[in-house]
Amino acid sequence: MRTQFIAGNWKMNKTVSEAYDLAIALVSGLRAVRETEVALCPPFVSLTVVKSAIANTPIKLGAQNMHDQDKGAFTGEISPLMLAGLADYVILGHSERRQHFGESDAFINRKVHAALKHGLRPILCIGETLEQNERGETEAVLRRQVHEDLAGVAPADATRIVIAYEPIWAIGTGRAATANDAQARCAYVRQQLRGLFGSAADAMRIQYGGSVTAANAKEILSKPDVDGALVGGASLKAEEFIAIVQAAKANS
Ligand code: 13P
């Protein structure tokens, strides 16, 4: 059995004090939740205040990105060494990093290795553009991203990795994938993971991301290969995010 995993990617939103307040509201609203794993991924500058807000709760902390090098002349970057011991998870390869900041699969692969080396659990984001989807290339894109981003990862490390399938056309558009499509894509990703890691793939969590809301979460999360959600916009409102976590719980 895989534990459902709901992570909130706050992206470039919330000041430090707003981030603290949101985390406090979530701690209070999620107090009774034990069956579902929850992680909050605020901007770097708010990691420490959110960490203090969630202390002594099961809620985990995630960063939204990192560099692959431990230190050096990389102005503006944050290293795995800095995140180790601070965050539990780190989102890698988000489509916004790929699209706006030119991150390649080779770079993302180096980040995955760096995260694992430092005890951070990657949430690796993959997903196709609208054009790729319309050309029928979705599976080819997912296959390539899985193989390139996870190249060289040992099967023993596989279960420390979470995959987030996020079709780019569904992100921030209000147009989520249907539950059946999310299931089909996540099942395809798991098949690829089996090819790489064998039976360990059955213990890996695969999240769906892209316009997940309190209204559509229950159906999407009821699907057997969808093990949680990576939530953007709806993670910025405490009530909405709490309702999504409760939707996961209702299915478990
Ligand atoms: P939205 O939930 O706002 O569509 O964002 C999804 C996402 O990109 C999470 O990483």
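Please refer to the structure placed before this passage.
Here we summarise the structure given alongside this text. (Residues numbered from 1 in each chain as written. Predicted model: local features only at pLDDT ≥ 70, side-chain atom pairs only at ≥ 80, totals over all residues. Heavy atoms only, no water.)

Things to note about the environment of Leu92
Operational definition: Comment: elements are numbered from the N terminus, with helices defined as DSSP H or I runs of at least four residues and strands as E runs of at least two. Burial classes follow relative accessibility: with a 1.4 Å probe on protein chains only, a residue under 20% of its type's maximum area counts as buried, one over 50% as exposed, and anything between as partly exposed. Two residues form a contact once any of their heavy atoms are found within 4.5 Å.
Along the chain, the position of Leu92 falls in strand β4 (residues 89–92). Exposure remark for Leu92: the relative accessible area of 0% places this residue in the buried category. Residues within four places of Leu92 in sequence aside, it is in contact with Met66, Lys111, Val112, Ala115, Pro122, Ile123, Leu124 and Cys125.

Overview of the site of the ligand
Counted only if it meets this: Near, as used in this document, describes a residue that has one of its heavy atoms within 4 Å of the molecule or strand being considered. Each polar contact in these results corresponds to two N or O atoms within 3.5 Å; when the atoms are within protein, one needs to be able to donate a hydrogen and the other to accept it, and residues that are neighboring in sequence are counted only if both atoms are side-chain atoms. The protein chains shown are the only cover counted for residues, whose accessible areas, like all others here, come from Shrake-Rupley with a 1.4 Å probe. Residues were grouped as follows: Ala, Val, Leu, Ile, Met, Phe, Trp, Tyr, Cys and Pro as nonpolar; Asp, Glu, Lys and Arg as charged; and all remaining residues, including Gly, as polar.
Taken together, 13 residues are adjacent to the ligand, and His94, Glu166, Gly172, Ser211 and Gly233 come closest. Within the backbone of Gly232, one N or O atom sits 2.9 Å away from an oxygen atom of the ligand. Contact with the protein chains hides 94% of the accessible area of the ligand, taken as 310 Å² for the molecule alone. Among the residues forming the shell around the ligand, the class breakdown is four nonpolar, seven polar and two charged.

Considerations on the environment of Asn109
Along the chain, Asn109 turns up in helix α5 (residues 105–117). Overall, Asn109 belongs to the buried group, its relative accessible area being 13%. In the structure, Asn109 is positioned 118 residues away from Asp227 in sequence and 23 Å away in space, judged by C-alpha atoms. Setting aside residues up to four positions removed in sequence, Asn109 forms contacts with Glu148, Asp149, Leu150 and Ala151.

What about unusual backbone geometry?
Of note, the phi angle at Asn56 is positive, near 65°, even though the residue is not glycine. By secondary structure assignment, the location of Asn56 is in the loop between α2 (47–53) and β3 (60–63). One non-glycine residue, Ser211, adopts positive backbone phi at about 60°. Along the chain, the position of Ser211 falls in the loop between β7 (205–209) and α10 (217–221).

Topic: empty space enclosed by the protein
Stated precisely, the cut-off is as follows: Buriedness of a pocket was judged along seven lines, with at least five required to meet protein on both sides within 12 Å; pockets are open sets of points on a 1 Å grid over the protein atoms alone, cavities are sets where a 1.4 Å probe fits but cannot get out, and lining residues have an atom within 4 Å of a point. Grid points are joined across faces, edges and corners, and a volume is the space filled by probe spheres set on the points.
What the rule picks out here adds up to one cavity of 30 Å³ or more. As a volume, the largest cavity reaches approximately 40 Å³. As for the largest cavity, its lining consists of Gly93, His94, Ser95, Arg98, Cys125, Ile126, Gly127, Glu166 and Ile168. Those elements that place two or more of their residues in the lining of the largest cavity are α4 (95–101) and β5 (121–126). Looking at side-chain class alone, the lining of the largest cavity contains three nonpolar, four polar and two charged residues.

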